[in-house]
Amino acid sequence: MSVHSQRGQCAKRLSILEAAAEVFCRQGFAGASIDEIASAACVSRQTVYNHYREKDNLFTAVVEDVMDRANAMLFTILSTFPEKPDNLEDDLVGFAVRLSRSCICNQDGKFLRKLVQSEGERYPHLFESWRQHGPGKIGTALAALFARLSHKGLLEIDDFDVAARQFLALVNADLQMGTLFGVTPTDEELDSAARNAVRTFLRAYAPAQANTPAVKTA
């Protein structure tokens, strides 16, 4: 196959994925048709089948494509984790805000969340790769980052995986109701949710002396 032909095939594949993502998001897995996807991608129905054979394969490819982009952005955010914080609370709040923007406000994050909510129960096998390589990897990476802070004496954590899951749950606690209905939180709401989450997290995991009020002497 010539370079020109390869580029043409890649362009068609990308066009199909983009069209399928839009149709799946609007119609759901069951309601989406290959004909509608082909029309939106400006290709023939047979071209879609030539690339993906069946709708299950196309849906899985869409989820993986969106997940790859979402994970790339997310791991960029993880690289900003405050390993040498000047102020642990403020630095963790800033990190939590960036994490929420990536997971909740980002278009790919919204797409994945909507699909999981609408299709996850009926078609759990279609989200297996997302389950294994999305949330699982994030929790593992965050656990390792908290382990580094703990080894420096900035946190006291017995189980880093549990701490990572709790941190993520706390960050999402004040935002989950709005996001369930597709509402994008404001900057003020993101900051407030992050501050509440970090303060609660530090009450559980800050070193004992950090939680002990200073004793006033006469």
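On a predicted model such as this, the values are computed, not experimentally measured, just so you know. For every chain, the first residue of the written sequence is number 1, and numbering continues from 1 onward in sequence order. Local features are withheld for residues below a pLDDT of 70 in this predicted model, meaning they are given only at 70 or higher, and side-chain atom pairs are given and counted only at 80 or more; totals for whole chains, interfaces and linings count all residues. Each side-chain value is worked out from all heavy atoms of the structure, with water and hydrogens disregarded.

**Details of the overall build of the chain**
Per the secondary structure count, the chain includes twelve helices and zero strands. Across the chain, helices and strands are ordered from the amino to the carboxyl terminus as α-α-α-α-α-α-α-α-α-α-α-α. Per-residue accessibility, obtained with a 1.4 Å probe over protein chains only, is compared with the maximum for each type, and a residue is labelled buried under 20%, exposed over 50%, and partly exposed between these values. Taken over 218 residues, the chain has a buried fraction of 39%. By definition, residues are in contact when any of their heavy atoms lie within 4.5 Å. Long-range pairs, those at least 24 residues apart, make up 68% of the contacts in the chain between residues at least 6 apart in sequence. Residue exposure ignores everything except the shown protein chains as possible cover, and the areas themselves are Shrake-Rupley values with a 1.4 Å probe. Counting every atom, the chain has about 12,300 Å² of accessible surface; 52% of that belongs to carbon and sulfur. Numbering of helices and strands starts at the N terminus; helices are DSSP runs of H or I of at least 4 residues and strands are runs of E of at least 2.

**Comments concerning unusual backbone geometry**
Positioned with a positive phi, Cys42 is a non-glycine residue whose angle comes to about 60°. Mapped onto the elements of the fold, Cys42 is located in the loop between helix H2 (34-41) and helix H3 (45-52). Phi at Arg53 is positive, roughly 70°, even though this residue is not glycine. Note on placement: Arg53 falls in the loop between H3 and helix H4 (55-78).

**Notes on the environment of Arg45**
Position of Arg45 among the secondary structure elements: in helix H3. Linking Arg45 and Ile34, residues eleven residues apart in sequence, is a C-alpha distance of 6.5 Å.

**Focus on the environment of Gly153**
Within the secondary structure layout, Gly153 lies in the loop between helix H8 (135-151) and helix H9 (160-173). As for Gly153 and Pro207, which are separated by 54 residues in sequence, their C-alpha atoms are 7.3 Å apart.

**As for the packing of H9 against helix H11 (residues 187-205)**
Between H9 and H11, whose axes approach to 8 Å, the crossing angle comes to 150°. Classified by the interaxial angle, the pair formed by H9 and H11 is roughly antiparallel. Crossing of H9 over H11 shows right-handed handedness. Across from Val162, Ala163, Gln166, Phe167, Leu170 and Val171 in H9, the residues of H11 making contact are Ala193, Ala197, Val198, Thr200, Phe201 and Tyr205. Classification used: nonpolar for Ala, Val, Leu, Ile, Met, Phe, Trp, Tyr, Cys and Pro, charged for Asp, Glu, Lys and Arg, polar for all others including Gly. Partitioned by chemical class, the residues of the contact of H9 with H11 number ten nonpolar, two polar and no charged. Every axis in this analysis is a line fitted to C-alpha atoms, fitted for helices over the stretch in contact. Angles between the N-to-C directions lie between 0 and 180 degrees. Oblique is the label for any angle not under 35 degrees, not over 145, and not in the 65 to 115 range, which are roughly parallel, roughly antiparallel and roughly perpendicular in turn. Crossing chirality is assigned from the near helix's rotation relative to the far helix, an anticlockwise turn below a right angle marking it left-handed and a clockwise turn marking it right-handed.

**Thoughts on the confidence of the model for the chain**
By definition, pLDDT measures how confident the predictor is in each residue, and it falls between 0 and 100. For the chain, per-residue confidence averages 85 on the pLDDT scale, and 86% of positions sit at 70 or higher. Counting contacts from residues 212-218, a segment whose pLDDT is below 50, to residues more than four positions away or on other chains yields zero contacts.

**Some thoughts on a negative patch on the surface**
Judged by side-chain charge, Glu156, Asp158, Asp159 and Asp161 come together as a negatively charged surface patch. If you trace the backbone, Glu156 turns up in the loop between H8 and H9. Owing to a relative accessible area of 46%, Glu156 belongs among the partly exposed residues under this scheme. Patch construction takes residues with relative accessible area above 30% that form no salt bridge. Like charges are linked within 9 Å, and nonpolar side chains (Val, Leu, Ile, Met, Phe, Trp, Tyr) are linked within 5 Å. Here, a salt bridge means any Lys or Arg side-chain nitrogen found within 4 Å of an Asp or Glu carboxyl oxygen. We score Asp and Glu as negative and Lys and Arg as positive, and we do not count His or the chain ends. Charge positions are represented by NZ for Lys, CZ for Arg, CG for Asp and CD for Glu.

**Considering the pattern of salt bridges**
Taken as a whole and assessed by the stated rule, the structure comprises nine salt bridges. Note that Glu22 is salt-bridged to Arg26, the shortest N-O span being 2.2 Å. With Glu22 and Arg26 both in helix H1 (residues 3-31) and four residues apart, the pair spans about one turn of that helix. Under the relative-accessibility criterion, Arg26 is labelled partly exposed at 43%.

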